[in-house]
Amino acid sequence: GTRGRPIRCKGAICRKFGEPLVIEEIEVAPPKPFEARIRILCTSLCHSDVTFWKMDGPLLQLPIILGHEAVGVVESVGEGVEGLKEEDTVVPVFLGSCEECRDCESEKSNMCSKFAFKLGVGMPRDGTSRFRDGKGETVHNFLCVSSFAEYTVVDIAHLVKIDCGIPVDKACLLSCGVSTGIGAAWKVAEVHKGSSVVIFGLGSIGLAVAEGARLRGASKIIGVDLNTEKFTVGKQFGVTHFVNPKECSQDKPVHEVIKEMTDGGADYSFECIGLASLMNDAFLSCRSGVGKTVILGVEMHGAPLSINSFELLRGKSVMGCLFGGMKPKSDIPLLAQRYLDKELNLDSFITHEVNLEDINKAFDLLQQGKSLRCIIWM
Ligand code: CXF
Ligand code: ZN
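Everything numeric in this text was worked out from a predicted model, so none of it was measured. (Residues numbered from 1 in each chain as written. Chains lettered and ligands numbered in written order. Predicted model: local features only at pLDDT ≥ 70, side-chain atom pairs only at ≥ 80, totals over all residues. Heavy atoms only, no water.)

Enquirer: Teacher, can you tell me more about the sheet that holds strand S10 (residues 196-200) here?
Expert: Strands in a sheet are paired, the pairing made by backbone hydrogen bonds, and the direction either parallel or antiparallel. Pairing in this open sheet of six strands is parallel, and the strands run S12-S11-S10-S13-S14-S15 from one edge to the other. The sheet terminates laterally at strand S12 (241-243) and strand S15 (317-320), the two strands that pair on one side only. Averaged over all adjacent pairs, the angle separating strand axes in this sheet is 20°, with direction ignored. Where strand S14 (residues 292-295) and S15 come together, four bridges link them in parallel fashion. In the sheet register, Lys292 faces S15, and the bridge partner there is Ser317. Here helix H4 (residues 177-188) sits on the sheet in contact with strand S13 (268-271), S14 and S15, set at roughly 150° to S14. (Pairing = 2+ DSSP bridges. Helix = DSSP H or I, 4+ residues; strand = E, 2+ residues; numbered from the N terminus. Axes fitted to C-alpha atoms, helices over the stretch in contact; angles between N-to-C directions. Contact = heavy atoms within 4.5 Å.)

Here it is as structure tokens:
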């Protein structure tokens, strides 16, 4: 066996920001205490991978193995690991949970205080990496997952065991984007039956919000996107109405259009792109007094959000979340069961599939807006 020894395998390395990933032979060290080495079965591309790949910033160090939406099988475990063993199927998650702190014990929080979310810090307990390239140089870890490789090492705080028999490509989707969107509708906004919902951006996150709202019985689900073709795919996730801002008349802002469609403003609005101006549109599209705006997009330009405080006094609210407010270890298995019970549509998110060698195609497709989720098979 390979237990206790380094594994040589293939990995897709980002050596320069914005340039194609390079498939190379890498060495993956054995797991340290409270870690597991995982054989990745498949992974998919989330928009955050593209964001950090494009961003030439100080947050991440090169070379790095990106990827954080995946599913795999435990190859071996480090000292002190309980509750996970070889051959277990696991979903890695960028958001860690110790299951002991105040936040993990609280029903309301998914922000573990022991494994607080930080960027570019390596393995969560010791800050180092388990990867080396062919020359023996360190290859850095991304979001505590680094799934664009045949093997990776993940801390047990970032692993969720799955044993319900869900197909692995569907399980992969629950690792980041889809769970985030559904959670935002269920746990953060708490969308209610008969309500009106407006979603800015119909990528996988926005469509997952729609799916969550559909399952909660929302009666009007309005999608807003610059690509009108998104209405067709949106219908599969419960989108009932569609607005293309490019096709709106010049003198009527999008939020006015939404207000007319919802008799005064939507009960819930979601920003799923990451632009401060759209966050503002989302806030303005909500109903005075009760409207809730949930921010899911990551604003990378550092643009501030300016909102009218009197609207807050009147009762509107703005909220945000990571991982849709979901608690990974308990909520991912529940979502998997909802899929097996044929309630949750996961199939329609998978629009493309490639092998690891063609991972750069997945980057092209997502950037061109042609794919929702592209499954990358190892
Ligand atoms: C994101 C969430 C916001 C910070 C970067 C990572 N998570 C997953 O895509
Ligand atoms: Zn993600």
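Enquirer: What is the right way to read the layout of surface pockets from this model?
Expert: Any space left empty among the atoms is revealed by the rolling of a water-sized probe across them. Of the volumes computed, that of the largest pocket is approximately 1,400 Å³. Around the largest pocket, the lining comprises 49 residues; the ones closest to its centre are His47, Cys272, Ile273, Gly274 and Gly297. For the lining of the largest pocket, the secondary-structure elements that each account for two or more residues are helix H1 (47-54), helix H5 (204-215), helix H8 (276-285) and helix H11 (359-367). In terms of residues, the lining of the largest pocket owes the most to one element, H1, which gives five residues. (1 Å grid on protein atoms, 1.4 Å probe; cavity = no way out; pocket = protein on both sides within 12 Å on 5 of 7 lines; lining within 4 Å. Points joined across faces, edges and corners; volume = space filled by probe spheres on them.)

Enquirer: Sorry if this is basic, but what is going on with the nonpolar core here?
Expert: A general feature of soluble globular proteins is that nonpolar side chains tend to end up buried together. Residues Phe148, Val191, Ile199 and Phe270 are the most contacted members of the largest nonpolar core, which totals 91 residues. When residues no more than four places from it in sequence are discounted, the contact partners of Phe270 are Ala184, Ala185, Ala189, Val191, Val197, Val198, Ile199, Phe200, Val209, Val294 and Leu296. Membership of the second largest hydrophobic core comes to 12 residues, among which are Val224, Cys248, Val257 and Ile258. (Core = buried A, V, L, I, M, F, W, Y, C linked by side-chain atoms within 4.5 Å. Buried < 20%, exposed > 50% of the residue type's maximum accessible area, 1.4 Å probe, protein only.)

Enquirer: I would appreciate a short explanation of the coordination of the zinc ion (ligand 2) in the present structure.
Expert: Ideal geometry at a metal centre gives angles of 109.5 degrees when four donors are arranged tetrahedrally and 90 or 180 degrees when six donors are arranged octahedrally. Listed as protein donors to the zinc ion (ligand 2) are Cys46 (SG), His68 (NE2) and Cys176 (SG); their distances from the metal cover 2.0 to 2.2 Å. Between the four donor atoms coordinating the zinc ion (ligand 2), the angles at the centre fall across 98 to 125°, so the site counts as tetrahedral. As a motif over one chain, the donors of the zinc ion (ligand 2) read C-x21-H-x107-C. Residue His68 is located in the loop between H1 and strand S4 (69-77), and its partner Cys176 is located in the loop between helix H3 (168-173) and H4; the two are separated by 108 residues in the primary sequence. Accessibility assignment for this pair places His68 and Cys176 in one class, buried. (Donors = N, O, S within 2.8 Å, 3.2 Å for Na, K, Ca; no water. Tetrahedral: all angles 85-135°; square planar, octahedral: opposite > 155°, others 65-115°.)

Enquirer: Quick question: what am I supposed to make of empty space enclosed by the protein here?
Expert: Summed over the entire model, instances satisfying the criterion amount to one cavity of 30 Å³ or more. Its boundaries defined by the atoms lining it, the largest cavity holds a volume of some 40 Å³. Forming the boundary of the largest cavity are Lys118, Leu119, Gly120, Val121, Gly122, Asn141, Phe142, Leu143 and Cys144. For the lining of the largest cavity, the per-class residue count stands at five nonpolar, three polar and one charged. (Nonpolar A, V, L, I, M, F, W, Y, C, P; charged D, E, K, R; others polar.)

Enquirer: Just to check I follow, could you spell out the packing of H4 against H5 for this structure?
Expert: Each pair of packed helices can be summarised by the angle the axes make with each other and by the distance between the axes. At a minimum axis distance of 7 Å, the contact between H4 and H5 shows a crossing angle of 45°. Overall, the two elements H4 and H5 adopt an arrangement that is oblique. As H4 packs across H5, the resulting crossing turns out to be right-handed. Within the contact between the two elements, H4 uses Gly177, Val178, Gly181, Ile182, Ala185 and Trp186 and H5 uses Ile205, Ala208, Val209, Gly212, Ala213 and Leu215. Here the contact of H4 with H5 is built from residues that sort into nine nonpolar, three polar and no charged. (Parallel < 35°, antiparallel > 145°, perpendicular 65-115°, else oblique. Left-handed = near helix turned anticlockwise from the far one by under 90°.)

Enquirer: Looking at this model, I keep getting lost on the UniProt feature "domain: Alcohol dehydrogenase-like N-terminal" (unreviewed entry) in the protein chain. Mind explaining?
Expert: In the numbering adopted here, UniProt assigns the feature "domain: Alcohol dehydrogenase-like N-terminal" (unreviewed entry) to residues 33-162. This span, residues 33-162, is 9% helix and 28% strand, and a straight line between its end C-alpha atoms measures 22 Å. (UniProt positions renumbered as here; feature names shortened; annotations may be inferred.)

Enquirer: Teacher, can you tell me more about the environment of Gly325 here?
Expert: Within the secondary structure, Gly325 sits in the loop between S15 and helix H10 (328-340). On the basis of relative accessible area, Gly325 is assigned to the buried category, the value being 18%. Sequence separation of Gly325 and Ile182 is 143 residues, and the distance between their C-alpha atoms is 9.5 Å. Those residues in contact with Gly325 that sit more than four places away from it in its chain are Asn110, Lys187 and Val188.

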